[in-house]
Amino acid sequence: MSFGLIVDSCFRDHATGRHPERPERLDSIDSAFKEHKILESCHCLSFEPAEEEFLEKVHRKEMIERAFATSAKGGGFLDPDTILSGYSARVATQAAGASIALARAAVQGEFRKGFAVVRPPGHHATHQRSMGFCIFNNIALAAEAMLELDSIRKVAIVDFDVHHGNGTQDIFYERGDVFFLSLHEYPHYPGTGQAEETGAGEGQGTTLNVPLPPGIDQETWFEAFHKGLEAISQYNPDAILVSAGFDSHRRDPLGDFPLDEKAYARIGGLLADLAGEHPLISILEGGYNVDVLGSSVVAYIDGLRGR
Ligand SMILES: [Zn+2]
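Residues numbered from 1 in each chain as written. Predicted model: local features only at pLDDT ≥ 70, side-chain atom pairs only at ≥ 80, totals over all residues. Heavy atoms only, no water.

**Points about the overall build of the chain**
Here comes step 1: The number of helices and strands found in the chain is nine helices and 10 strands.
Here comes step 2: Relative to the 2.2 N^0.38 estimate, which gives 19 Å for 307 residues, the radius of gyration of the chain is 17 Å and therefore close to what a compact globule would have.
Here comes step 3: In terms of principal-axis extent, the alpha carbons of the chain reach across some 50 × 50 × 40 Å.
Here comes step 4: Residues counted as buried form 60% of the 307 residues belonging to the chain.
Here comes step 5: At a minimum sequence separation of 6, the contacts of the chain that also span at least 24 residues come to 77%.
Here comes step 6: Looking at the chain as shown, the accessible area adds up to about 12000 Å², and 47% of this sits on carbon and sulfur atoms.
Here comes step 7: Side chains of the chain give 27 positive and 45 negative charges; the mean places of these two sets differ by 3 Å. (Helix = DSSP H or I, 4+ residues; strand = E, 2+ residues; numbered from the N terminus. Rg over C-alpha atoms; globule rule 2.2 N^0.38 Å. Buried < 20%, exposed > 50% of the residue type's maximum accessible area, 1.4 Å probe, protein only. Contact = heavy atoms within 4.5 Å. Areas by Shrake-Rupley, 256 points an atom, 1.4 Å probe, with all protein chains shown as cover. Lys, Arg positive; Asp, Glu negative; His and termini not counted. Charge placed at Lys NZ, Arg CZ, Asp CG, Glu CD.)

**With respect to helix α8 (residues 261-275)**
Here comes step 1: End to end, α8 covers 21 Å across 15 residues, agreeing with the expected 21 Å (1.5 Å per residue, within 8%).
Here comes step 2: Along α8, the positions that sit buried rather than exposed are A263, Y264, I267, G268, L270, L271, A272 and A275.
Here comes step 3: Buried residues belonging to α8 abut β5 (113-116), β6 (155-159), α7 (218-235), β9 (239-244), β10 (280-284) and α9 (293-304). (Expected span 1.5 Å × (residues − 1).)

**Quick word on the coordination of the zinc ion**
Here comes step 1: Looking at the zinc ion, the protein donor atoms are D161 (OD), D161 (OD), H163 (ND1) and D247 (OD), and they sit 2.0 to 2.8 Å from it.
Here comes step 2: For the zinc ion, the four donor atoms in the first shell make angles of 52 to 152 degrees at the metal, so the coordination geometry reads as irregular.
Here comes step 3: Here the donor residues for the zinc ion map to a single chain with the spacing D-x1-H-x83-D. Placement of D161 in the loop between β6 and α6 (166-172) and of D247 in the loop between β9 and α8 is noted, with a sequence separation of 86 residues between them. No difference in accessibility class separates D161 from D247, as the two residues are buried. (Donors = N, O, S within 2.8 Å, 3.2 Å for Na, K, Ca; no water. Tetrahedral: all angles 85-135°; square planar, octahedral: opposite > 155°, others 65-115°.)

**Looking at the packing of helix α4 (residues 88-108) against helix α5 (residues 138-147)**
Here comes step 1: Where α4 contacts α5, the axes come no closer than 8 Å and their chain directions differ by 35 degrees. Every pair of crossing elements has a handedness; the one defined by α4 and α5 is right-handed. Contacts between α4 and α5 involve A92, A95, A96, S99, I100, A103, R104 and V107 from the first element and N138, L141, A142, A145 and M146 from the second.
Here comes step 2: Classifying every residue of the contact of α4 with α5 gives 10 nonpolar, two polar and one charged. (Axes fitted to C-alpha atoms, helices over the stretch in contact; angles between N-to-C directions. Left-handed = near helix turned anticlockwise from the far one by under 90°. Nonpolar A, V, L, I, M, F, W, Y, C, P; charged D, E, K, R; others polar.)

**Regarding the pattern of salt bridges**
Here comes step 1: Enumeration over the complete set of coordinates arrives at 13 salt bridges.
Here comes step 2: Ionic pairing is found between E219 and R266, a salt bridge with its closest N-O pair at 3.2 Å. Here E219 is found in helix α7, whereas its partner R266 is found in helix α8, with 47 residues between them in sequence.
Here comes step 3: Classification of E219 as partly exposed rests on a relative accessible area of 44%.
Here comes step 4: Taking relative accessible area as the criterion, R266 reaches 33% and is therefore assigned partly exposed.
Here comes step 5: Taken together, the shared-partner salt bridges in this structure form one network comprising R12, D27 and D30. (Salt bridge = Lys/Arg side-chain N within 4 Å of Asp/Glu carboxyl O.)

**Looking at the packing of aromatic side chains**
Here comes step 1: According to the stated counting rule, one finds 13 aromatic pairs in the structure shown.
Here comes step 2: With centroids separated by 6.1 Å and ring planes inclined at 65 degrees, the aromatic side chains of F115 and Y300 adopt a geometry described as edge-to-face. With F115 in strand β5 and Y300 in helix α9, the pair connects residues that are 185 residues apart, well separated along the chain.
Here comes step 3: Exposure remark for F115: the relative accessible area of 0% places this residue in the buried category.
Here comes step 4: Taking the centre distance of 5.2 Å and the plane angle of 50 degrees together, the rings of F179 and Y235 count as tilted. Note that F179 is positioned in strand β7 (residues 178-185) and Y235 in helix α7, a separation of 56 residues in sequence.
Here comes step 5: On the basis of relative accessibility, which here comes to 11%, the residue Y235 falls in the buried class. (Phe/Tyr/Trp six-rings, centres within 6.5 Å; stacked < 30°, edge-to-face > 60°.)

**Quick look at the nonpolar core**
Here comes step 1: In this structure, F115, W221, L271 and Y300 are the most contacted members of the largest nonpolar core, which totals 100 residues.
Here comes step 2: Looking at which element gives the most residues to this core, the answer is α4, with 12 residues.
Here comes step 3: Among residues more than four places away in sequence, those in contact with Y300 are F115, F160, V242, A244, F246, Y264, A265, I267, G268, L271 and S282. (Core = buried A, V, L, I, M, F, W, Y, C linked by side-chain atoms within 4.5 Å.)

**Details of unusual backbone geometry**
Here comes step 1: Between R119 and the following residue, P120, the backbone shows a cis peptide bond with an omega angle of 0 degrees.
Here comes step 2: On the secondary structure map, P120 appears in the loop between β5 and α5.
Here comes step 3: Positioned with a positive phi, N236 is a non-glycine residue whose angle comes to about 60 degrees.
Here comes step 4: Of note, N236 is situated in the loop between α7 and β9.
Here comes step 5: Given the relative accessible area of 47%, N236 is considered partly exposed.

If you want it as structure tokens, here you go:
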């Protein structure tokens, strides 16, 4: 079955000067895709920007309006790390819309696995706050889009970005129908993600945080990852969504994790095995070394496709 892919030049329009989360990240991925002829072997999807009403499924109205108002006046800061240009709020709705489109198409059977090359990233955006380079939470919106469909009762989100996916955790903390697994460097930004944070109410036990110290080796990382995947296997989700953050690469400037291209290929293979015939979509989060971002994404996609 073919592999679904979203790439679009619109994601370049979120340009805010000297910032690690910059349009050049897409150049790195584009050139690796060209080199490995990725587009030729994929089903490329089109999409619409997310409707404000849909964004409200996971975010407070005030937060959404603040992002639009900030772009409308030409740009500004939503938090010390999160700067918007005049186009950024629009681009964020496109990143959200792309994630939603990929999620729906994977469930509806156009393909079973896919990847969305979007920016800005999303996993730090909480129910009420844009933060940490993230405006809207793309993966949370994609999960909601899947859960609207009849065949999906519960989903699991796997986050292998070097940073804790605090926004995703926040949004689903009391939900039993979304399992959230995050492996992340700790202590590190944003400071959340301790093992004791396991969910609450109906979501008790459906958040699994694996904080790992800086400088660990790959085998320690994979041991932890295997344990996390076992927990998801027991949860038995109908679909898997991945916050694919490549700042867990050993050469990334924003983290101190041990992964490399081979490791991302292995992660892709493990996730494909875990998903089996269920939908499995991945959405780009971090990854700030443009020398290795493109090759890492390609290795991961190859792993997902069993190549
Ligand atoms: Zn990150």
